[in-house]
Amino acid sequence: MRTDVELKKDIQEELSWEPSIDETKIGVTVDKGVVTLSGEVESYAKKMAAEKAAKRVYGVKAVVENITVKYPLSFQKSDTDIAKAVLNALKWHTSVPEDAIFVKVEEGWVYLTGEVKWAFQKESATKAIANLSGVKGISNAISIKQEVRPMDVSKRIRDAFERSAEIDATAIKVVVDGHTVTLSGKVRSIKEKEDAQHAAFNAPGVFQVQNNLEVDLASAYA
């Protein structure tokens, strides 16, 4: 079992390894494997990069992200300007259905709603605007609506797990109830937990994933 001191050191080193991040602006605390990130960065993209860097570190069970975004004066935008930039970015992104997403901006925070057919389209909407100047945060409430197809959703998800080099399919239980998939069992890292959820979301007909997977470091040595 890794100590909190060891985890903190590794996270700080991972942050310093990430070229888009100034690690001196980010505080790191660890309590029983739960990592809290704090500080101030110049863009939403850097905020997300810091969170992803922490999640990559072996031994991290959860990440609490308290980083704030504060743009330099020269990069600050009005909500109107941000809304226009968001709409334009979504329009030109090939994975985002045109006219399917509604946008609201309040004090630099972008709220996305609407309906798409696939989880990757929902994720693409966030990726399309994450690097826009002025964006301080993104709330993606886009729903996934797709007709149920006559297929074994559980088998599709399990096959996806088995194809992945990062997921131990034998350790994960998959339960399908209508459009909702529930994942349970033990995984070796928070990244494996998120990879499993991502794979389940990509199955046709899945609207929601209840991710009850537990991060258990001992399973890494089983």
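Residues numbered from 1 in each chain as written. Predicted model: local features only at pLDDT ≥ 70, side-chain atom pairs only at ≥ 80, totals over all residues. Heavy atoms only, no water.

Caption draft 1: Here's a closer look at the overall build of the protein chain. A count of helices and strands for the protein chain gives six helices and ten strands. The globule rule puts the C-alpha radius of gyration for 222 residues at 17 Å, and the 19 Å found for the protein chain is close to it. The principal-axis extent of the C-alpha atoms belonging to the protein chain is close to 50 × 50 × 20 Å. A total of 222 residues make up the protein chain; the buried ones form 37% of that total. Pairs at least 24 residues apart make up 66% of the contacts formed inside the protein chain by residues separated by at least 6 positions. A total of about 12,500 Å² of accessible surface is found on the protein chain, and carbon and sulfur atoms cover 51% of it. Of the side-chain charges in the protein chain, 31 are positive and 33 negative, and the distance between the mean point of each set is 2 Å. (Helix = DSSP H or I, 4+ residues; strand = E, 2+ residues; numbered from the N terminus. Rg over C-alpha atoms; globule rule 2.2 N^0.38 Å. Buried < 20%, exposed > 50% of the residue type's maximum accessible area, 1.4 Å probe, protein only. Contact = heavy atoms within 4.5 Å. Areas by Shrake-Rupley, 256 points an atom, 1.4 Å probe, with all protein chains shown as cover. Lys, Arg positive; Asp, Glu negative; His and termini not counted. Charge placed at Lys NZ, Arg CZ, Asp CG, Glu CD.)

Caption draft 2: Fine view of the sheet that holds strand E9 (residues 180–187). The strand order across the open sheet built from three strands is E8-E9-E10, with neighbouring strands paired in mixed fashion. The sheet is open, and its two edges are formed by strand E8 (172–177) and strand E10 (208–215), each paired on a single side. Sheet twist, expressed as the average angle between the axes of neighbouring strands with direction ignored, equals 10°. The sheet contact formed by E9 and E10 spans eight bridges and is parallel. By the bridge assignment, Thr 182 is partnered in E10 with Gln 210. The sheet strands contacting helix H5 (residues 153–163) are E8 and E9, and the helix crosses E8 at an angle near 150°. Packing against the sheet, helix H6 (residues 190–201) makes contact with E8, E9 and E10, and its axis sits at approximately 160° to E10. (Pairing = 2+ DSSP bridges. Axes fitted to C-alpha atoms, helices over the stretch in contact; angles between N-to-C directions.)

Caption draft 3: Here's a closer look at the side chain of Glu 18. The topology assignment puts Glu 18 in the loop between helix H1 (4–17) and strand E1 (26–31). Looking at Glu 18, its side chain comes within polar contact range of the side chain of Arg 56, at 3.4 Å. (Polar contact = N/O pair within 3.5 Å; in protein donor to acceptor, adjacent residues only side chain to side chain.)

Caption draft 4: Region of the structure containing the sheet that holds strand E3 (residues 62–69). Spatially, the three strands line up as an open sheet ordered E1-E2-E3, and their pairing is mixed. Since the sheet does not close on itself, it has two edges, and those belong to E1 and E3, each with one partner. Along the sheet, successive strands turn relative to each other by an average axial angle of 10°, direction set aside. Where strand E2 (residues 34–41) and E3 come together, eight bridges link them in parallel fashion. Bridged to Val 34 within E3 is Ala 62. Each of E1 and E2 touches H1; the most contacted strand, E1, lies at about 155° to it.

Caption draft 5: The arrangement of the side chain of Gln 121 in detail. Structurally, Gln 121 can be placed in helix H4 (residues 119–129). A residue is classified by how much of its surface remains accessible, and Gln 121, at 13% relative accessible area, is buried.

Caption draft 6: Quick peek at the nonpolar core. With 62 residues, the main nonpolar core has Phe 161 and Leu 183 as its most contacted residues. When sequence neighbours within four positions are dropped, the list of residues in contact with Leu 183 reads Phe 161, Ile 172, Lys 173, Val 174, Ala 196, Gln 197, Ala 200, Val 209, Gln 210, Asn 211, Asn 212 and Leu 213. (Core = buried A, V, L, I, M, F, W, Y, C linked by side-chain atoms within 4.5 Å.)

Caption draft 7: Up close: the environment of Ala 196. Relative to the helices and strands, Ala 196 is located in helix H6. The spatial distance from the C-alpha of Ala 196 to the C-alpha of Asp 168 is 9.2 Å, given a sequence separation of 28 residues. For Ala 196, the contacting residues outside a window of four places in its chain are Phe 161, Ile 167, Ile 172, Leu 183 and Leu 213.

Caption draft 8: Examining unusual backbone geometry more closely. Look at Lys 32: it is not a glycine, yet its phi comes out positive at around 55°. Within the element layout of this structure, Lys 32 appears in the loop between E1 and E2. A positive phi angle, near 65°, is found at Asp 99, a position not held by glycine. Of note, Asp 99 is situated in the loop between helix H3 (79–92) and strand E4 (101–106).

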